[in-house]
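Take a look at the letters that make up each chain.
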Amino acid sequence: MKKIGKSFVVQISILLQISLLLYPSLSYAANLTTVKNTLQSSRMSFSGRVKSPTAAGSSNVWIYTATSGIYTSVSTAGLKPGDSVRIGATNTYTIVSIVDADEFTVTPVLAAGDADDGTDPIFYKAVPKQMITFNTASAVESGFFQVLIAAGAAGNDNIPDITGFDFNGGPTATASSVTGYAFSAGVATAAGSAGCTAPANYHCFEFHYTGTGVIGAGILLTIGLQDGTNTMIAPAPSASRVANTADAYTYIVKNFVNGSNPESATPADISTGKIAVIEPVRVTATVEPSITFKIEGVAASQSTCSLTTDVTTTATSVPFGVLSLDTFRVGTQKITVSTNAASGYSVTAIENERLSNLAAVPSYIPNTLCDSGACTFSGAGSAWATAAAHAGFGYTLDIVSGTPTIIPTVGNFRPFASLAANEPPTQIISNAGVASSQAVHVCYKISVDATQPAGDYENQVTYTATASF
Amino acid sequence: MKKNIIYLLLLLPATFFSFFLTSSQVSAADYGMSISPPLLRVHIKPGKSITQAYKIENLGLSDKTLVVSIVPFSEADNFGNPLLNPKTSASWLSYFDLANSQIKLDRPFTISAGSFEQLVLSFTAPIDAPLKDIYATLMVSTYENTLGQTFQGTALRATIGSNLLITVSSEAFPNTILKIEDFSPVGSGFIKMGNLYFADSITPVKFNAMVNNEGNFLSETRGIFRVTTANNKPVHLEGILPVNVIAKSKRQLLNPQGQSFEFAPSLGRIGLHKVSLEIKTDNSNTTGTIEIFFFPLKLSLGLLLALIIVISIVKITSGRSPEEP
């Protein structure tokens, strides 16, 4: 009896195990874990409208500070210099500066038809890439993930919406393959289009894969591109938004078994999250406009302006020393100019007089006429390679850094303009825009002949650096 | 001990060599000066005064003795560069003064190395001041009156300047007379017949333009460069770089990047187009317009050349007499 009872229990137990294998219990959807949707930028879009006195031909744009319909941006807090904004029907402008809470400036100036009070819209499109990450809850073989993103009411008209994201034509959807999940390209469908009607008001993105699926696998799904192309437009402020608070929107991630209709089927796993957008924080700093001018001496035996320097100069003097007859002597200085003035700068030069020996009977070293015998203080200069029979004092220039305009260019010499001869200062270096440490060598050259009276000769050269106006 | 001597012998030439390799060609005793702001534009009524603070910084390694002066300037070229002549004088120079207690115009003062000084410049337009523009430069120059007895060579004087564009007028927007001149395409990619230009429809066209201020007051170039179709539909818009055009002077017009205006048509951009420059000032507008007919010149020439080659080949081959058997 005892033996019969024991074998009965064993048989019942085996039957139970077989029945459990044949008729497994129903499973229920689990939560995907650690679900995140990271926006490339949490900046919201801008949807405002032009206000009088904005006028065509002007670069100043005023905005309404009260909402109206889809125009819910009522402060320039949502804009920053450099933003590309659409004003009016089609034209795009770049914001140059934010004047105050309801005014900014653009370039180019407003075209006719883009400055109508109350009717011309101003749109800035924020296009953040979205990166959805999560860990799978179950191993669904060769199924697909669906991501639903809250859509705007007019969710595919390529302008910012105030109730969700705009589809913007068709964003790129990609997924990174991991063990157990070999993804094909994602499929994006705008809210309301075939296959994306339920739940309503969500854009749909499907990421199909082959593979066994893995429990706890880390998945990365990406919607949009880093450069903003093929990317959904972030919402503009919602109608009920309180200033300086974020607008939150829902997104849903589902994992379906292969062949499921995502509009009606129950997903294997599901999770819901929120993404928030807010105006950018505008950080400002002031850089004062200025111009900086430096002069430095250059040592002897240096190669400058295709010449070798014979003397060491300082910032304030070019001491040529003892001159040999019919022999060149060279000294060089380095001039550096920087300015953040938009119109650039120029440097002029003038000497007080020829190199002079103001003894009882004054004598002068002449200003150079170059080899040609015809170079002038205001011309482009010319070659001066022969010291004999071409005595004089002159200079040439050579660029050390940057791309300034110089006159004369290296190899061409000319004399300095002379204040004593009532000549105006001549421009030697200039630049038509912002300049960062543009440096030039000024190479002075001198030669004397046997007719030059002995003595100490000196003069004074004045360099003047000013911004252009 | 012996070892140390060997090390020392090895180290000395190495030190000597490295000293020569690393020695700089530029001397340390330098002049470095900075002024801010570099440009000031003022509109003032007769009988009123303004003051402006300037920051002068000595970036050099030694103390500098400087002198501040005001010098009139005129335009040096079409690019906004001033021509200063220290010898020129003007009655309105007396309108300027420095409000600093220690620093006065044309009197030397010293700035320590690495430090800065603030200059407070005041400008007072007398009630009977002539209604016109005043263009001057605040010059800060090095000051030296102790050249050595034995000095020979060239002594250097350095000046840094800030430009002042001052309009003395009773009106908020005095009359300005701007005229656009020399507005035309540049380069070789076009043909001119009468007043009409013909240009290739796949070659970018650059445009040159000047603005002439014939008025007595400074004006700013704010406006737009526009290319439109014959139906006045804009196909290209570009801003104009805002620059100051002083009275009775000319200035080159450029795009906001400081370059010449440029329009790059496309292959399908065929037909008559208007290219216009519109400048708007506070009380006057001026427009310059030229007409360009775009057509596929290069493409047509290519096709024509191909056609000539094909016809030539056909003619040559058909003109050959049949070979004798």
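In the block above lies the structure referred to throughout.
Cut-off values and rules
- Residues numbered from 1 in each chain as written.
- Chains lettered and ligands numbered in written order.
- Predicted model: local features only at pLDDT ≥ 70, side-chain atom pairs only at ≥ 80, totals over all residues.
- Heavy atoms only, no water.
- Pairing = 2+ DSSP bridges.
- Helix = DSSP H or I, 4+ residues; strand = E, 2+ residues; numbered from the N terminus.
- Axes fitted to C-alpha atoms, helices over the stretch in contact; angles between N-to-C directions.
- Core = buried A, V, L, I, M, F, W, Y, C linked by side-chain atoms within 4.5 Å.
- Buried < 20%, exposed > 50% of the residue type's maximum accessible area, 1.4 Å probe, protein only.
- Contact = heavy atoms within 4.5 Å.
- Buried area = accessible area lost by both parts, 1.4 Å probe.
- Salt bridge = Lys/Arg side-chain N within 4 Å of Asp/Glu carboxyl O.
- Polar contact = N/O pair within 3.5 Å; in protein donor to acceptor, adjacent residues only side chain to side chain.
- Nonpolar A, V, L, I, M, F, W, Y, C, P; charged D, E, K, R; others polar.
- 1 Å grid on protein atoms, 1.4 Å probe; cavity = no way out; pocket = protein on both sides within 12 Å on 5 of 7 lines; lining within 4 Å.
- Points joined across faces, edges and corners; volume = space filled by probe spheres on them.
- Disulfide = S-S within 2.5 Å.
- Patch = residues over 30% accessible without salt bridge, like charges linked within 9 Å, V, L, I, M, F, W, Y side chains within 5 Å.
- Areas by Shrake-Rupley, 256 points an atom, 1.4 Å probe, with all protein chains shown as cover.

### Brief notes about the sheet that holds strand S22 (residues 285–295) of chain B
Hydrogen bonds between backbone atoms are what pair the strands of a sheet, whose relative direction is either parallel or antiparallel.
All names here are of chain B.
Here's step 1: Taken in spatial order, the six strands make up an open sheet running S12-S13-S22-S21-S16-S17, and their pairing is mixed. Of all the strands in the sheet, just strand S12 (190–193) and strand S17 (234–239) have a single pairing partner and so form its edges. Sheet twist, expressed as the average angle between the axes of neighbouring strands with direction ignored, equals 25°.
Here's step 2: Note that strand S21 (residues 271–280) and S22 share 10 bridges and pair antiparallel. Its bridge partner lying in S22, Lys 280 is registered against Asn 285.

### Quick word on the nonpolar core
Here's step 1: By size, the foremost hydrophobic cluster in this structure holds 65 residues, and its most contacted members are A:Phe293, A:Tyr463, B:Phe96, B:Leu119 and B:Leu164.
Here's step 2: Broken down by element, this core gets its largest block of residues, six residues, from strand S10 (residues 153–168) of chain B.
Here's step 3: Beyond its immediate chain neighbours, meaning those up to four positions away, B:Leu119 contacts B:Gln52, B:Ala53, B:Tyr54, B:Ile56, B:Val68, B:Leu98, B:Asn100, B:Ile103, B:Phe109, B:Leu138 and B:Val140.
Here's step 4: Membership of the second largest hydrophobic core comes to 53 residues, among which are A:Tyr93, A:Phe104, A:Ile132 and A:Ala234.

### Some words on the interface of chain A and chain B
Here's step 1: Taken together, the contacts link 59 residues of chain A with 56 residues of chain B.
Here's step 2: Its largest share of buried area at the contact with chain B, chain A owes to A:Phe293, A:Glu458 and A:Phe469, together 16% of the area lost on that side.
Here's step 3: Remark: the boundary between chain A and chain B carries zero salt bridges.
Here's step 4: Across the contact surface, chain A and chain B share 22 residue pairs in polar contact (both at pLDDT 80 or more).
Here's step 5: Of all the secondary structure elements, the ones that give two or more residues to the side of chain A that touches chain B are strand S17 (291–297), strand S20 (317–318), strand S21 (329–339), strand S22 (345–351), strand S27 (426–431), strand S28 (435–447) and strand S29 (458–467) of chain A.
Here's step 6: For the side of chain A that touches chain B, the leading source of residues is S29(A), giving 10 residues.
Here's step 7: Across the side of chain A that touches chain B, the residue classes break down as 28 nonpolar, 25 polar and six charged.
Here's step 8: Summarising the sheet, S20(A) and S10(B) pair through two bridges and their orientation is antiparallel.

### A few points about the layout of surface pockets
Here's step 1: As a volume, the largest pocket reaches approximately 310 Å³.
Here's step 2: The wall of the largest pocket is formed by 14 residues, among which A:Ala341, A:Ala342, A:Ser343, B:Leu39 and B:Pro242 lie closest to the centre.
Here's step 3: Tallied by class, residues from the lining of the largest pocket come to 10 nonpolar, three polar and one charged.

### Focus: the sheet that holds strand S14 (residues 218–223) of chain A
Residue and element names in this part refer to chain A.
Here's step 1: If you walk across this open sheet you meet the four strands as S1-S8-S14-S10, and the pairing is antiparallel. Each edge of the open sheet carries a strand with a single partner, namely strand S1 (33–39) and strand S10 (173–175). The sheet shows a mean angle of 15° between the axes of neighbouring strands, taken without regard to direction.
Here's step 2: In this sheet, S14 lies alongside strand S8 (residues 130–135) in antiparallel orientation, the contact comprising six bridges.

### Observations regarding the state of the cysteines
Residue and element names in this part refer to chain A.
Here's step 1: Following the criterion strictly, the structure yields three disulfides over all chains and no others.
Here's step 2: Each disulfide pairs two cysteine sulfurs, and for Cys 305 the partner residue is Cys 443, the sulfurs being separated by 1.9 Å. Between Cys 305 and Cys 443, the S-S dihedral sits near 75°, and the bridge is therefore right-handed. Here Cys 443 lies in strand S28 and Cys 305 lies in the loop between strand S18 (303–304) and strand S19 (307–308), a separation of 138 residues in the sequence.

### Here's the deal with a nonpolar patch on the surface
Residues and elements named next belong to chain B.
Here's step 1: There is a patch of nonpolar side chains on the surface, built from Leu 301, Leu 304, Leu 307, Ile 308 and Ile 311 and spanning about 460 Å² of accessible area.
Here's step 2: Relative to the helices and strands, Leu 304 is located in helix H2 (residues 297–319).
Here's step 3: Residue classification places Leu 304 among the partly exposed positions, given a relative accessible area of 46%.

### Regarding the pattern of salt bridges
Here's step 1: In total, this model carries seven salt bridges over all chains according to the counting rule given.
Here's step 2: For A:Lys80, the salt bridge is made with A:Asp83, and the minimal N-O distance between the two is 3.4 Å.
Here's step 3: Looking at A:Lys80, the relative accessible area reads 36%, which means it is partly exposed.
Here's step 4: What makes A:Asp83 buried here is its relative accessible area of 3%.
Here's step 5: Its salt-bridge partner being B:Glu181, residue B:Lys250 comes within 3.1 Å of it at the nearest N-O pair. You can see B:Lys250 sitting in strand S19 (residues 249–252) and its partner B:Glu181 sitting in strand S11 (residues 178–186), a full 69 residues away along the chain.
Here's step 6: Residue classification places B:Lys250 among the partly exposed residues on the basis of a relative accessible area of 33%.
Here's step 7: Among the charged side chains, a network of salt bridges with common partners joins A:Arg43, A:Lys80 and A:Asp83.

### Focus: the pairing of S12(B)
Residues and elements named next belong to chain B.
Here's step 1: Bridge count between S12 and strand S13 (residues 196–200): four bridges; the pairing is antiparallel. Among the inter-strand pairings, Ile 191 is bridged to a residue of S13, identified as Phe 198.
Here's step 2: Where S12 folds back on S13, the antiparallel hairpin that results is connected by two residues, among which Gly 194 adopts a positive phi of roughly 65°.

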